[in-house]
Amino acid sequence: MLTKRIIPCLDIKNGRTVKGINFVDLRDAGDPVELAEIYAREGADELVFLDISATEERRKTLADLVYHVAEKVNIPFTVGGGISSVEDVDILLHNGADKVSINSSAVKRPELIDELVAKFGSQCIVVAIDAKQIDGSWKVHLVGGKVPTEIDLFEWAKEVEERGAGEILFTSMDHDGTKGGFANEALAKLSSLINIPVIASGGAGAISHFTDTFTYGKADAALAASIFHFKEIEITDLKEELKKEGIPIRL
């Protein structure tokens with residue numbers, strides 16, 4: 001069985017790490033390069049950086065950040081935020097990113113997935129999907145969760161896989177920042193429908209939530225932010241507990 005992965009997520013705004021609840025009420029959580037170094041040392045399997053600030057300087061700022069993170073860490077890291085072209089990806093990968101995450105740009109122009117996979121390979125293309133339950137159906141949301149669509153989460157995930165993406169990062173907006181656990185029912189359905197890895201995001205608040213998402217939710221990896229940034233759970237403690245629970249994990 002493949003080992004499950006623990007992935008700290010750093011939301012970046014104006015060069016700083018921030019964290020909110022349900023995608024709003026952001027507060028400062030520290031310097032992203034310093035945090036990356038700490039997490040790599042503490043045993044994180046991968047890192048995800050998502051630039052959520054909409055500045056014109058974003059591309060340059062993000063490329064600089066990627067370069068400095070690559071100097072400090074020896075684990076794979078994914079970068080997302082405002083990526084909409086082959087050129088954007090080229091810059092980030094050349095600066096040291098291992099993977100890129102695309103979201104709104106893929107929904108608006110699904111052919112982008114095909115183009116990036118053809119140029120860079122499936123292994124480094126992650127499609128992030130932010131979704132929310134509306135009248136019992138999971139609907140995809142864009143632009144950091146601000147713009148609702150009529151697109152069904154599961155249909156979109158299947159299309160993403162068919163177009164060649166290597167992984168899906170699914171964030172439940174209903175669970176984001178609430179610390180009440182992951183959206184395991186939706187995750188289990190996703191995992192049964194597609195054959196590429198699914199990263200669970202949104203809702204981590206206790207060690208048991210990770211156990212649940214790996215068992216009931218069938219997630220391949222679990223991503224969390226504030227519980228790591230504010231030292232509520234240490235990665236080493238989390239991994240040791242998961243190991244005791246029989247979850248295949250890299251210590």
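Everything numeric in this text was worked out from a predicted model, so none of it was measured. (Residues numbered from 1 in each chain as written. Predicted model: local features only at pLDDT ≥ 70, side-chain atom pairs only at ≥ 80, totals over all residues. Heavy atoms only, no water.)

### Here we look at the environment of glycine 164
Basically, it comes down to this: Put simply, DSSP H or I for four residues or longer makes a helix, DSSP E for two residues or longer makes a strand, and each gets a number counted from the N terminus. We call two residues in contact whenever any of their non-hydrogen atoms come within 4.5 Å of each other.
In this fold, glycine 164 is placed in the loop between α6 (153-162) and β10 (167-172). The spacing of glycine 164 and isoleucine 196 is 32 residues in sequence and 9.4 Å in space, taken between C-alpha atoms. With residues near it in sequence (within four places) discarded, glycine 164 still touches Val117 and Ser122.

### A look at the nonpolar core
For clarity, the cut-off: What we call a nonpolar core is a set of buried Ala, Val, Leu, Ile, Met, Phe, Trp, Tyr and Cys residues that are connected through their side-chain atoms within 4.5 Å. Relative accessible area decides the class of each residue, using a 1.4 Å probe on protein chains only: under 20% of the type maximum gives buried, over 50% gives exposed, and in between gives partly exposed.
In this structure, Leu47, Phe170, Phe210 and Phe228 are the most contacted members of the largest nonpolar core, which totals 71 residues. The contact partners of phenylalanine 228, leaving out residues within four places of it in the chain, are Ile6, Pro8, Tyr39, Phe210, Ile233, Ile235 and Leu238. Residues Cys9, Leu169, Ile199 and Leu223 belong to the second largest nonpolar core, which totals nine residues.

### Structural notes on the packing of aromatic side chains
The condition that has to hold: Stacked, edge-to-face and tilted labels apply to pairs of Phe, Tyr and Trp rings (six-membered ring for Trp) whose centres lie within 6.5 Å, assigned for plane angles under 30 degrees, over 60, and everything in between, in that order. Note on criteria: charge over ring means Lys NZ or Arg CZ within 6 Å of the ring centre, with the direction from the centre no more than 35 degrees off the ring normal.
For the coordinates displayed, the defined rule picks out five aromatic pairs. Measuring from ring centre to ring centre gives 5.7 Å for phenylalanine 182 and phenylalanine 210, while their planes differ by 75°; the resulting arrangement is edge-to-face. Taken together, the residues span a long stretch of sequence, with phenylalanine 182 in the loop between β10 and α7 (184-193) and phenylalanine 210 in helix α8 (residues 207-215) at a distance of 28 residues. As far as the burial class goes, phenylalanine 182 and phenylalanine 210 line up, both buried. Among the aromatic residues, ring-to-ring pairing joins Tyr39, Phe182, Phe210 and Phe228 into one connected group. Across from the ring centre of phenylalanine 154, 4.2 Å away, lies the NZ or CZ of lysine 189, which sits over that ring.

### Observations concerning the pattern of salt bridges
Here is the rule we go by: Any Lys or Arg side-chain nitrogen located within 4 Å of an Asp or Glu carboxyl oxygen qualifies as a salt bridge.
A full pass over the atoms with the stated rule returns 12 salt bridges. Between lysine 179 and glutamate 232 there is a salt bridge, and its shortest N-O distance comes to 2.8 Å. Of the two residues, lysine 179 is situated in the loop between β10 and α7 and glutamate 232 in the loop between α9 (226-229) and α10 (235-244); the sequence distance between them amounts to 53 residues. Accessibility expressed as a relative area gives 40% for glutamate 232, which makes it partly exposed. Linked by salt bridges that have partners in common, Arg5, Glu46, Lys99 and Glu167 make up one network.

### Observations regarding the UniProt feature "active site" (unreviewed entry) in the chain
Let me state the cut-off plainly: UniProt positions are given in the numbering used here, feature names are shortened, and annotations may be inferred rather than shown by experiment. Polar contact is the term for a pair of N or O atoms within 3.5 Å; when the atoms are in protein, one must be able to donate a hydrogen and the other to accept it, and sequence-neighboring residues count only if both atoms are side-chain atoms.
Per the UniProt entry, the sites bearing "active site" (unreviewed entry) are Asp11 and Asp130 in this numbering. Taken along the chain, the residues just named run across 120 residues; in space they keep tight, none of their C-alpha pairs more than 14.2 Å apart. Relative to the elements of secondary structure, aspartate 11 occurs in strand β1 (residues 5-13). Note that aspartate 130 resides in strand β7 (residues 125-134). There is a polar contact of 3.1 Å between the side chain of aspartate 130 and the side chain of asparagine 103.

### As for α10
Rules: Here, the arc refers to the directions that run from the helix axis to the C-beta atoms.
Taken residue by residue, α10 has Ile235, Leu238, Lys239 and Leu242 as its buried positions. Angularly, the buried residues of α10 cover 95° about the axis, an arc narrow enough to put them on a single face. In the segment just after α10, glycine 246 is the residue with positive phi, at about 85°.

### With respect to the side chain of glutamate 46
Within the secondary structure, glutamate 46 sits in the loop between α1 (32-42) and β4 (47-51). Take glutamate 46: its relative accessible area is 8%, and that puts it in the buried class. Within polar-contact distance, the side chain of glutamate 46 engages the side chain of arginine 5 at 2.9 Å. A distance of 3.0 Å separates polar atoms of two side chains, one belonging to glutamate 46 and the other to lysine 99. If we ignore the near neighbours within four places in the chain, the residues touching glutamate 46 are Arg5, Ile6, Ile7, Pro8, Ile75, Pro76, Thr78 and Lys99.

### A few points about α6
If you check which residues of α6 are buried, you get Leu153, Phe154, Trp156, Ala157 and Val160. Each buried residue of α6 lies within a common arc of 160° when the element is viewed along its axis, so the set occupies one face. Among the exposed residues of α6, those oriented more than 90 degrees off its buried face are Glu155 and Glu162. Here α6 starts with a cap whose side-chain oxygen sits 3.0 Å from the backbone nitrogen of phenylalanine 154, and that cap is aspartate 152. In the stretch just after α6, glycine 164 is the one whose phi turns positive, near 105°.

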